[in-house]
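Given next are the chains, with one letter for each unit.
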Amino acid sequence: MKKYFNLLISIGFAIILLILRIKLSGTIFYTFLIWNLFLAGLPYVISQIMIKSEYIQSSKLTSILGFIIWLLILPNSPYIITDLIHLHDNASNMAWYDLFLVFVFAINGLILGLLSMQDIFKMITEKFNKKVATYTLCKVCFLAGYGVYLGRFLRFNSWDVITNPTSLIHQVVYSVYDSRILITFAFGGLLWILFRLLQSIRLA
């Protein structure tokens, strides 16, 4: 419960900063950060449900389905980092405050994503072994990095897998010719490094 309490404090701090900005600027420009943080928190909600549900863990089908859904929405956690691009918008007229605001939301998104990755790592370790879990999470990090690329540059959402699969597949095929796809390795590498760092701290 202490973990949840501290998470709520951190998220609450971000929201307070946003409310203060609204009052100071008289605009609601950065309110989209609340929606993005909500999406960033979904992977952790799903992983917590999965790790605490005996039914899900006892069923291979539901475990796989839960993992796929989790994987599809995981990119939302690091995605908030890319919201720094909005600092160039004309509505972003409080430079240093806006930078700090987006940074705080991005940190919260990353934390939620990393915590959910730890949940999945624990589940895979218990079902198989640590080696399989490590290999899987490494691949997950770079898939999430690719998801960030799809979201920021090609403007796809997680649910486009269901609502717009044809266009998504078409863009995925041709994305190999897009130099911006290199951001996949940047975000994937960052997630992997932070995940391993968090693991080492918890085991110390």
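Just above, that's the structure.
Thresholds applied
Residues numbered from 1 in each chain as written. Predicted model: local features only at pLDDT ≥ 70, side-chain atom pairs only at ≥ 80, totals over all residues. Heavy atoms only, no water. Phe/Tyr/Trp six-rings, centres within 6.5 Å; stacked < 30°, edge-to-face > 60°. Helix = DSSP H or I, 4+ residues; strand = E, 2+ residues; numbered from the N terminus. Buried < 20%, exposed > 50% of the residue type's maximum accessible area, 1.4 Å probe, protein only. Core = buried A, V, L, I, M, F, W, Y, C linked by side-chain atoms within 4.5 Å. Contact = heavy atoms within 4.5 Å. Salt bridge = Lys/Arg side-chain N within 4 Å of Asp/Glu carboxyl O. 1 Å grid on protein atoms, 1.4 Å probe; cavity = no way out; pocket = protein on both sides within 12 Å on 5 of 7 lines; lining within 4 Å. Points joined across faces, edges and corners; volume = space filled by probe spheres on them. Nonpolar A, V, L, I, M, F, W, Y, C, P; charged D, E, K, R; others polar. Patch = residues over 30% accessible without salt bridge, like charges linked within 9 Å, V, L, I, M, F, W, Y side chains within 5 Å. Areas by Shrake-Rupley, 256 points an atom, 1.4 Å probe, with all protein chains shown as cover.

**Q** What is the right way to read the packing of aromatic side chains from this model?
**A** For any two aromatic rings, the description comes down to two numbers: the centre-to-centre distance and the angle of the planes. Within the structure shown, the criterion is met by twelve aromatic pairs. Seen from their ring centres, Trp35 and Phe38 are 5.4 Å apart, and the 25° between their planes marks the pair as stacked. On the criterion of helical spacing, the pair formed by Trp35 and Phe38 is a turn pair, its members being three residues apart in helix α2 (residues 32-52). Residue Phe38 is classed as partly exposed on the basis of its relative accessible area, which comes to 45%.

**Q** For this particular structure, what's the right way to read the nonpolar core?
**A** Generally speaking, nonpolar side chains in soluble globular proteins are found buried as a group. Judged by nonpolar contacts, the single largest core of 43 residues is most densely connected at Trp70, Phe105, Met117 and Leu137. Elements that contribute at least two residues to this core include exactly α1 (2-25), α2, α4 (60-73), α6 (95-127), α7 (130-152) and α10 (183-203). Take this core: its biggest share by element is 14 residues, from α6. If near-sequence neighbours (up to four positions away) are discounted, Trp70 is found in contact with Pro43, Ile46, Ser47, Ser116, Met117, Ile120, Leu137 and Val140. Listed in part, the seven residues of the second largest apolar core include Tyr149, Phe156, Leu168 and Ile181.

**Q** Would you mind showing me how to read the pattern of salt bridges here?
**A** Proximity of charged atoms lets side chains of opposite charge pair with each other. All chains considered together, the criterion is met by three salt bridges. For Asp98, the salt bridge is made with Arg21, and the minimal N-O distance between the two is 2.4 Å. Note that Asp98 is positioned in helix α6 and Arg21 in helix α1, a separation of 77 residues in sequence. Residue Asp178 pairs with Arg180 through a salt bridge whose shortest N-O separation is 3.0 Å.

**Q** Help me out: how do you make sense of the layout of surface pockets in this one?
**A** Gaps left between atoms show up when a probe the size of a water molecule is rolled over them. In this structure, the largest pocket encloses a volume near 640 Å³. Taken together, 27 residues make up the lining of the largest pocket; nearest its centre are Gly147, Gly151, Phe156, Asn157 and Ser158. Listing elements by their share of the lining of the largest pocket, those giving two or more residues are α2, α4, α5 (76-79), α7 and α9 (165-174). If you tally residues by element for the lining of the largest pocket, the top one is α7, at seven residues. When grouped by side-chain class, the residues that make up the lining of the largest pocket number 17 nonpolar, seven polar and three charged.

**Q** Sorry if this is basic, but what is going on with a nonpolar patch on the surface here?
**A** On the surface, Phe13, Phe100, Phe103, Ile107 and Ile111 cluster together into a nonpolar patch covering about 440 Å² of accessible area. Residue contributions to the nonpolar patch peak at four residues, all from α6. With respect to the helices and strands, Ile107 occurs in helix α6.

**Q** Got a minute to help me understand the environment of Ile73 in this structure?
**A** Mapped onto the elements, Ile73 comes out in helix α4. In this structure, Ile73 is in contact with Leu39, Leu42, Pro43, Ile46 and Ser158, ignoring residues within four places of it in sequence.

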